[in-house]
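Remarks on the overall topology
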Amino acid sequence: MIRSLRFIAIAVMVLSMIGLGVIAGLLLVANEGWVPVTIHPWLTGVLGVRLYEVWLPGLIAGWLAAALLLVAVVLSTMFFVWRRRQYESLVHRLERELAELRNLPFTEPAPLEDLPEAPSAHAARVMHALDDDGYDAP
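Procedures and definitions
- All residue numbers refer to positions counted from 1 along the written sequence of the respective chain.
- Only residues with pLDDT of 70 or above have their local features reported here, since the model is predicted, and side-chain atom pairs are shown and tallied only from 80 upward, although totals for entire chains, interfaces and linings are computed over all residues.
- Hydrogen atoms and water are omitted, and side-chain values are computed over all heavy atoms in the structure.
- Numbering of helices and strands starts at the N terminus; helices are DSSP runs of H or I of at least 4 residues and strands are runs of E of at least 2.
- Throughout, exposure labels follow a simple rule: accessible area from a 1.4 Å probe, protein chains only, divided by the maximum for the residue type, with under 20% read as buried, over 50% as exposed, and the rest as partly exposed.
- Residue contacts are defined here by distance: any two heavy atoms, one from each residue, within 4.5 Å place the two residues in contact.
- Only the protein chains shown count as covering a residue, and every accessible area follows the Shrake-Rupley method with a 1.4 Å probe.
- Confidence scores per residue from the predictor, reported as pLDDT, run from 0 to 100.
- For this analysis, a ring pair means two rings from Phe, Tyr or Trp (six-membered ring only for Trp) whose centres lie within 6.5 Å, classed as stacked if their planes differ by under 30 degrees, edge-to-face if by over 60, and tilted for the remaining angles.
- Any two strands between which DSSP finds at least two bridges are classified as paired.
- Basic side-chain nitrogens of Lys or Arg form a salt bridge, by our definition, when they fall within 4 Å of a carboxyl oxygen of Asp or Glu.
- An axis is simply a line fitted to the C-alpha atoms; with a helix, the fit covers only the stretch in contact. Between two such axes, the angle follows the N-to-C directions and lies from 0 to 180 degrees.
- Between 65 and 115 degrees an angle is taken as roughly perpendicular, under 35 as roughly parallel, over 145 as roughly antiparallel, and anywhere else as oblique.
- Should the near helix be turned anticlockwise from the far one by less than a right angle, the crossing is left-handed, and should it be turned clockwise, the crossing is right-handed.
- Throughout this entry, Asp, Glu, Lys and Arg are counted as charged residues, while Ala, Val, Leu, Ile, Met, Phe, Trp, Tyr, Cys and Pro are counted as nonpolar. The remaining residues, Gly among them, count as polar.

Scanning the protein chain from terminus to terminus reveals five helices and two strands. In sequence order, the protein chain lays out its α and β elements as α-β-α-β-α-α-α. Split into buried and exposed, the 138 residues of the protein chain put 3% on the buried side. Long-range pairs, those at least 24 residues apart, make up 33% of the contacts in the protein chain between residues at least 6 apart in sequence. When the accessible surface of the protein chain is split by element, carbon and sulfur atoms take 70% of a total near 12800 Å².

Structure, rendered in structure tokens:
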């Protein structure tokens, strides 16, 4: 189900990009020529009072490129934030699991069947010998 939705979403995006490219191409071809551009009064001190002529298809293509760049930056930022949240969630889950494993001896002590059935005579002799040698354990 998810795979088919992903395929449909990618197909819609590719077709819409092709459609936008065709529309932009037709728009650029239909509006070929030079247009006069006047300088805003705030910038006349820097650029002077002069009439500039700009090639209209280049101007439109520049605006489209700027809009696409802005969309790409916003989408990549959203993807980065989404991936970071996933990684932080994974780290949080692993830290909780590690805390549970560290506290395992306190929450679930070893069962009694891990101990030997009968006491060991050899272990008793070793323990008795340790007590007799005058060693003071810390």
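Let us keep going from here.
Moving on to the confidence of the model for the protein chain. Put simply, the protein chain has an average pLDDT of 82, and 87% of its residues get 70 or more. Across the protein chain, the secondary-structure element scoring lowest on mean pLDDT is helix 4 (residues 104–107), at 71, and the one scoring highest is helix 3 (residues 56–102), at 90.

Geometrically, a pair of aromatic rings is defined through the distance of the ring centres and the angle of the planes. A full pass over the atoms with the stated rule returns one aromatic pair. When the centroid spacing of 5.7 Å and the interplanar angle of 45° are considered together, the rings of Phe79 and Trp82 count as tilted. Of this pair, Phe79 and Trp82 both sit in helix 3, separated by three residues, roughly a single helical turn. A relative accessible area of 49% means that Phe79 is categorised as partly exposed.

On to the pairing of strand 1 (residues 34–38). The element strand 1 is largely exposed, with a buried count of zero among its five residues. Relative to strand 2 (residues 51–55), strand 1 runs antiparallel, the two sharing five bridges. When the bridges of strand 2 are listed, Trp34 appears paired with Trp55.

Let's shift gears to the pattern of salt bridges. In this structure the tally under the stated criterion is one salt bridge. Where Glu88 meets Arg84, a salt bridge forms, and the shortest distance between an N and an O atom there is 3.0 Å. With Glu88 and Arg84 both in helix 3 and four residues apart, the pair spans about one turn of that helix. Of the residues examined, Glu88 reaches a relative accessible area of 45% and is grouped as partly exposed.

On to the packing of helix 1 (residues 2–30) against helix 3. Axis separation between helix 1 and helix 3 bottoms out at 9 Å; the angle between their running directions is 155°. The orientation of helix 1 relative to helix 3 falls into the category roughly antiparallel. Considering the relative orientation of helix 1 and helix 3, their crossing is right-handed. Where helix 1 approaches helix 3, its residues Met17, Ala24, Leu27 and Leu28 are matched on the opposing element by Pro57, Ile60, Ala61, Leu64 and Leu68. Here the residues of the contact of helix 1 with helix 3 sort into nine nonpolar, no polar and no charged.

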